[in-house]
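So the chains spell out like this:
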Amino acid sequence: MKIAVCVKQVPDSWAEKKMVGGVLDRENVDAVLNDLDEYAVEEALRIAEAHGGNEEGGPHTVTVISMGPERATEAVRKALSMGANDAILVSDAALAGSDALATSAVLAKVISDGGYDIVICGTESTDARMSVVPAMLSARLGWAQLTFASKVVVDPAGKVSITRVTEAGVDEMSAAFPVVISVVEKINEPRYPSFKGIMAAKKKTIEQKDLAAVGVAAQSAWSQVKDATPRPPREAGLKVTDEGSGGEALVTFLAEKKLI
Amino acid sequence: MSTVLILADFSGDHATKTTAELATAAARIGSVSAVVLAPAGKGAALAATVNLGPISNVIVIESNDFASHGVAAVADALAGVVKDKAPAALLIASHAFGKEVAARVAILTESGIITDAVDVSADATATQLVFGGSTTVHSQVSQGTPIITVRPNSIDADLSAASPAIENATAAISDVAKKATIASSQPPVKGGRPELTEANIVVSGGRGTDGNFGAVEAFADLLGAAVGASRAATDAGWYPHSHQVGQTGKTVSPQLYVACGISGAIQHRAGMQTSKTIVVVNKDPEAPLFDIADFGVIGDLFNVLPQATAAVAAKKG
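What you see is a predicted model, and the numbers here were worked out from it, not measured in a lab.

## Quick notes on the overall build of chain A
Piece 1. In terms of regular secondary structure, chain A is built from seven helices and 15 strands.
Piece 2. Oriented by its inertia axes, the alpha-carbon framework of chain A measures out at about 70 × 40 × 40 Å.
Piece 3. Here the contacts in chain A between residues at least 6 apart in sequence split such that 68% fall between residues at least 24 apart.

## Focus: the domain arrangement of chain B
Residue and element names in this part refer to chain B.
Piece 1. For chain B, the assigned domains are domain 1 (3–178) and domain 2 (196–316).
Piece 2. Between domain 1 and domain 2, the C-alpha centre-to-centre distance is 32 Å.
Piece 3. Contact with domain 1, which involves six residues of that partner, is made by 10 residues of domain 2.
Piece 4. Class assignment of the residues belonging to the side of domain 1 that touches domain 2 gives a composition of two nonpolar, four polar and no charged.

## Some words on the sheet that holds strand β15 (residues 256–260) of chain B
Piece 1. Overall, parallel pairing links the six strands, which are arranged β15(A)-β17(B)-β16(B)-β15(B)-β13(B)-β14(B) in an open sheet. A strand with exactly one partner marks an edge of an open sheet, and here the two such strands are β15 (238–241) of chain A together with β14 (226–229) of chain B. The average undirected angle you get between the axes of adjacent strands in this sheet is 15 degrees.
Piece 2. Across four bridges, strand β13 (residues 201–205) of chain B lies against β14 of chain B in parallel orientation. Bridge assignment links S204 of chain B to a residue of β14 of chain B, and that residue is G228 of chain B.
Piece 3. Contacting β13, β14 and β15 of chain B, helix α6 (residues 214–223) of chain B runs over the sheet at an angle of about 175 degrees to β13 of chain B.
Piece 4. Packing of helix α9 (residues 301–316) of chain B onto the sheet brings it into contact with β15, β16 (277–282) and β17 (295–298) of chain B, and relative to β16 of chain B it is tilted by some 130 degrees.

## Quick notes on the sheet that holds strand β6 (residues 61–67) of chain A
Piece 1. In space, the 10 strands of this open sheet follow the order β13(A)-β7(A)-β6(A)-β1(A)-β8(A)-β12(A)-β9(A)-β10(A)-β11(A)-β12(B), with mixed pairing throughout. What marks the edges here is a single partner per strand, and that holds for β13 (206–209) of chain A together with β12 (181–186) of chain B. Geometrically, the sheet is characterised by an average inter-axis angle of 30 degrees between neighbouring strands, direction not taken into account.

## Remarks on α9 of chain B
Residue and element names in this part refer to chain B.
Piece 1. Its 16 residues place the ends of α9 22 Å apart at the C-alpha level, agreeing with the 22 Å of an ideal helix rising 1.5 Å per residue.
Piece 2. Taken residue by residue, α9 has L301, V304, L305, Q307, A308 and A311 as its buried positions. Seen along its axis, α9 keeps its buried residues to an arc of 165 degrees; they face one direction. Along α9, the residues that are exposed and aim more than 90 degrees away from the buried face are A313 and A314.

Definitions and cut-offs
- Residues numbered from 1 in each chain as written.
- Chains lettered and ligands numbered in written order.
- Predicted model: local features only at pLDDT ≥ 70, side-chain atom pairs only at ≥ 80, totals over all residues.
- Helix = DSSP H or I, 4+ residues; strand = E, 2+ residues; numbered from the N terminus.
- Contact = placed C-beta atoms within 7 Å.
- Domains from an automatic or database assignment.
- Nonpolar A, V, L, I, M, F, W, Y, C, P; charged D, E, K, R; others polar.
- Pairing = 2+ DSSP bridges.
- Axes fitted to C-alpha atoms, helices over the stretch in contact; angles between N-to-C directions.
- Expected span 1.5 Å × (residues − 1).
- Buried ≥ 20, exposed ≤ 12 C-beta atoms within 10 Å, placed from the backbone.
- Arc of directions from axis to C-beta.

Here it is, written out as structure tokens:
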């Protein structure tokens, strides 16, 4: 099987974020591999390992695909150190400020040229939080959409079954290769890169491509930010120490606010 | 007057309050047509529940493909209606299903998309609260039909009765949309509690519960609240991940958010700081969440919550 995992480098989800000129300031924050993509990398590795592995010369490969500035090699390298075989990073100045539509167009072209059987994504990035790229990839590629998976079972002969979990309930779904999968957080426990994995990742290939090499034209964003304003910070209100009547004080506050 | 489409949102056999919220927002832009996508033979019954808010017209499409093929089939049908009606905008509920439908319709109709709007104005400008509610952003779609997903519970719904005209239509579902098949579907396990993102009150527990959510649940149940949890609590396996509030979990914006034993890292604040009123119970007086609390109790949640529960019960008689 040829498995691809789409990953994104995002500002550290524990850091404060700011807008500059209508787009997220990515320069002045620590950048990391999107938390939720680690589950996708892990699931890809597990699928490969369950059916003979992706070691060199093994029957399967796991390729990391990303779009972002050249700096995104750090996030890609982390996915490689977990055990993915190789990576493709699309970097082009014309892609700065891309929306999900443009991003999905670039990723779909790379995926379609790679001849993969399975593409795995996280459910969303912790910066934009749109949750739309996996569905867009499926629509653009014309591949089956198996998203929000809490369980993935792959028959290497060419079939994937998943358990889809959303607020709408639980669905058992299946489709034939090729498929686009997104996995929810906690589908697995992502491995920490081992020292050996980190050393090995340094030697793995990250193929960097610009838009011309990918073969898609730059597309401007189809939605525009008109303005972005920091909201005034919330002010701390009344704070009491519980000396035996803290619960009652809380309820008195709620009653005054007509919340109960 | 131009037409604005909304995708009617259902829970079981009934339109949700979210449907009325979408209609209320859409009515600012134009005349509202609600699209009802129903299993064969169920269209009239479902359409009859879409009788709230400023809805002038209901477009009913029946097909069993919606249940068998999910998001992709729904998106195909909806894209067909968009191409047919050329609406001024398409509004969809901003949950996992709605956002995925919107994503596919955007591709199929070559349109721009904005997700998680908390408000929509007459010129289809969407208001979003980004970065965990720390920044307000106004955006507009500049290509095709503006496709906007609206976060449940964000808009004061016009709940007046409506008797919209019913129009039956058909959809062409592509072979591509039928590639994934749903073998079985289970509705969410409700457990008597409201859905986290739609609840008016959320009571959440964190590390301070030490794995015991009993006091948190008891208080939540008395208030008719949903139960949330911090990432620390879900990572520890104390509460299901589906209840996680925060940057990598759900974003909630209830009338009242009660955080119990949650210190309040940015991770968590990102998911709840747009709540109207925030109450914090924590025995650590230095917990950062106190900084954004309207009311804070420094104390052990296992003392404070049972007392509060009893006090609410006494008030209710």
